[in-house]
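The primary structure of each chain is shown beneath.
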Amino acid sequence: MTIFCSHCHRPLQAEMSCLPRRGKQAPSASKPFRSTKSASKARRDQINVELQALRSLLPISAREKERLSYLHTMALVCLRLRGAQLFPPDSAPPVGPALGTELLSLLPGFLLVLSANGKLVYISENVDQVLGLSMVELLAQGDTIFDILDGRTPEDVRKKLLLAQEQPGREVMFVSEMRTSKAFRLQHGGNQAVAVRGRFMALRWPASPSTTAFLALCTPVTRLPADSDAGSQDDLFQSTHILDMMFTDVTESVTYHLGYCREELIGQSWYSLLHPEDADLAAAQHRAVGELLSAGAAAETAVLRLLRRDWTWAWLSVSARRDCGGHSITCTSRCLR
């Protein structure tokens, strides 16, 4: 019986060369030839050369360039590309590297520009005076605003930015802790609380996500002292509320911070003084206090804005706790300077 080759249909004894040799199969689209070690090394060397070239073009000091990893280099390049997209060379950017040191020194904080999706586009060079980290060091934390925030504030910030994006031109404000250097934390006992005030603006027309940016001024606020710090009592007032947050009592020092007499507030609702943008955050804190099972336990501190008697807003750090018996809530409010 003659056996035929499945490849060329000739008798197997007549043609053996038609069979593919072991280890030397022809390449296909799904299985190309594997690259050799020398070819892989050549590609890596070429990539390293290109990264070195990109690093050399970055407008930062030679000392900072030496400390850059490859990933950090690419993060800085992406930052510059986003900036070039929003602020082309032929435009006059409202903020950018062209700002001189003298002008930046007059600001009470540093400047921040974000893309529509929260990516960092620009951080002014004086950021190190506020956070103890240079722009390059801060970018090592990540390339979005949420990467440089500390604690559980990113979700609140995300909501504020979404609100500002839905209504271009509307100014929003929020206070968040930002990451700082180790030396800063050792000196000041923690990260830096920063008040961010800004709005989304169309930098070119027609307006689109690629031409819209969030421009903000980030101002440091005094770090809150511990509750046991007797020297800080002038910065706070205490208020007592029934479970629906109606005032039943408040210390006389409220007049210094908010301008109201004690008698004016008793009988009013806490919510009547809250900034509309902070109502959800205050309600979440209120619910958290209501769900506490142990008397005297405190919910997490919230940073809120309350209306002063002169129709301006006061930034307060509010700690709420449920009193023994569970029939009232006491709030300790510290004024942020």
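Named according to an unreviewed UniProt entry, the chain is NPAS4 protein originating from Stercorarius parasiticus. In its Subcellular location (unreviewed entry) section, the UniProt record describing the chain reads: "Nucleus".

Student: Would you mind going over the sheet that holds strand β3 (residues 172-178) with me for this structure?
Tutor: Strand pairing in a sheet relies on backbone hydrogen bonds, with the paired strands running either antiparallel or parallel. One open sheet accounts for 5 strands, arranged β2-β1-β5-β4-β3; its pairing is antiparallel. In the strand order of this sheet, the two ends are held by β2 (120-123) and β3, each with one partner. For this sheet, the mean inter-axis angle between neighbouring strands, taken without regard to orientation, is 25 degrees. In this sheet, strand β5 (residues 212-220) lies alongside strand β1 (residues 110-114) in antiparallel orientation, the contact comprising 5 bridges. From the neighbouring strand, V113 faces β5, where its bridge partner is L215. Relative to the sheet, helix α3 (residues 70-86) contacts β2 and β5, its axis offset from that of β2 by approximately 90 degrees.

Student: Sorry, what's going on with the pairing of strand β9 (residues 313-322) here?
Tutor: Side-chain positions along a regular strand alternate between the two faces of the sheet. The buried count for β9 comes to 8 of 10 residues, which makes it a mostly enclosed element. Where strand β8 (residues 302-307) and β9 come together, 6 bridges link them in antiparallel fashion. Residue pairing for β9: A302 is matched across the bridge by V318. In textbook terms, the turn of a hairpin is the stretch between consecutive antiparallel strands, and for β8 and β9 this stretch comprises 5 residues, one of which, W311, has a positive phi near 70 degrees.

Student: What am I meant to see in empty space enclosed by the protein here?
Tutor: Any empty space left between atoms is shown by rolling a water-sized probe over those atoms. Counting across every chain of the model gives 1 cavity of 30 Å³ or more. In this structure, the largest cavity encloses a volume near 60 Å³. Residue lining of the largest cavity: M245, W270, Y271, A282, Q285, H286, V289, V318, A320, I329 and C331, and that is the complete set. Those elements that place two or more of their residues in the lining of the largest cavity are α11 (279-291), β9 and β10 (328-335). Top contributing element to the lining of the largest cavity by residue count: α11, with 4 residues. Across the lining of the largest cavity, the residue classes tally to 9 nonpolar, 2 polar and no charged.

Student: Where do I start with the pairing of β3 in this structure?
Tutor: The element β3 is extensively covered by neighbouring structure, given that 6 of its 7 residues are classed as buried. Here 7 bridges tie β3 to strand β4 (residues 192-202), and the two strands are oriented antiparallel to one another. By the bridge assignment for β4, V175 is matched with A195.

Student: What am I meant to see in the sheet that holds β10 here?
Tutor: What the 5 strands build is an open sheet, ordered β7-β6-β10-β9-β8; its pairing is antiparallel. Looking at strand neighbours, the two that pair on one side only are β7 (247-250) and β8, the edges of this open sheet. Within the sheet, the average angular offset between the axes of one strand and its neighbour, ignoring direction, is 35 degrees. Bridge count between strand β6 (residues 236-242) and β7: 3 bridges; the pairing is antiparallel.

Student: Would you take a moment to explain the packing of aromatic side chains for this structure?
Tutor: Two aromatic rings are characterised by how far apart their centres lie and by the angle between their planes. The full count for this structure, using the stated rule, is 2 aromatic pairs. Aromatic side chains F200 and F214 sit 5.2 Å apart centroid to centroid with 55 degrees between the ring planes, which places their arrangement in the tilted category. Of this pair, F200 sits in strand β4 while F214 sits in strand β5, and the two are 14 residues apart along the sequence. For the pair F200 and F214, a shared accessibility class is recorded, and that class is buried. Judged by centre distance (6.0 Å) and plane angle (45 degrees), the ring pair of F247 and W270 falls under tilted. With F247 in strand β7 and W270 in the loop between α10 (262-265) and α11, this pair connects stretches of sequence that are 23 residues apart.

Parameters at a glance
- Counting of residues starts from 1 at the beginning of each chain's written sequence and follows it residue by residue.
- Restriction of local features to residues with pLDDT of at least 70 applies here, the model being predicted, together with a cutoff of 80 or more for giving and counting side-chain atom pairs; totals for whole chains, interfaces and linings are based on all residues.
- Note that water and hydrogens are dropped before the side-chain values are worked out from all heavy atoms of the structure.
- UniProt positions are given in the numbering used here, feature names are shortened, and annotations may be inferred rather than shown by experiment.
- If DSSP finds at least two bridges between two strands, the strands pair.
- Per the convention used, a helix needs a DSSP run of H or I reaching at least four residues, while a strand needs a run of E reaching at least two, with both numbered from the N terminus.
- Between the N-to-C directions of two axes lies an angle of 0 to 180 degrees, each axis being a line fitted to C-alpha atoms and, for a helix, fitted only over the stretch in contact.
- When checking whether two residues touch, look at their non-hydrogen atoms; a contact exists if any pair is within 4.5 Å.
- Partly exposed residues are those whose accessible area sits between 20% and 50% of the maximum for their type, while under 20% is buried and over 50% is exposed, using a 1.4 Å probe and protein chains only.
- Only protein atoms enter the 1 Å grid, on which a cavity is a set of points fitting a 1.4 Å probe that cannot get out and a pocket is an open set with protein on both sides within 12 Å along at least 5 of 7 lines, lining residues being those with an atom within 4 Å of a point.
- Grid points are joined across faces, edges and corners, and a volume is the space filled by probe spheres set on the points.
- Note that Gly is not counted as nonpolar here; it falls among the polar residues with everything else outside the nonpolar set of Ala, Val, Leu, Ile, Met, Phe, Trp, Tyr, Cys and Pro and the charged set of Asp, Glu, Lys and Arg.
- Aromatic rings from Phe, Tyr and Trp, with only the six-membered ring used for Trp, were paired whenever their centres fell within 6.5 Å, and each pair was classed as stacked if the ring planes differed by under 30 degrees, edge-to-face if by over 60, and tilted otherwise.

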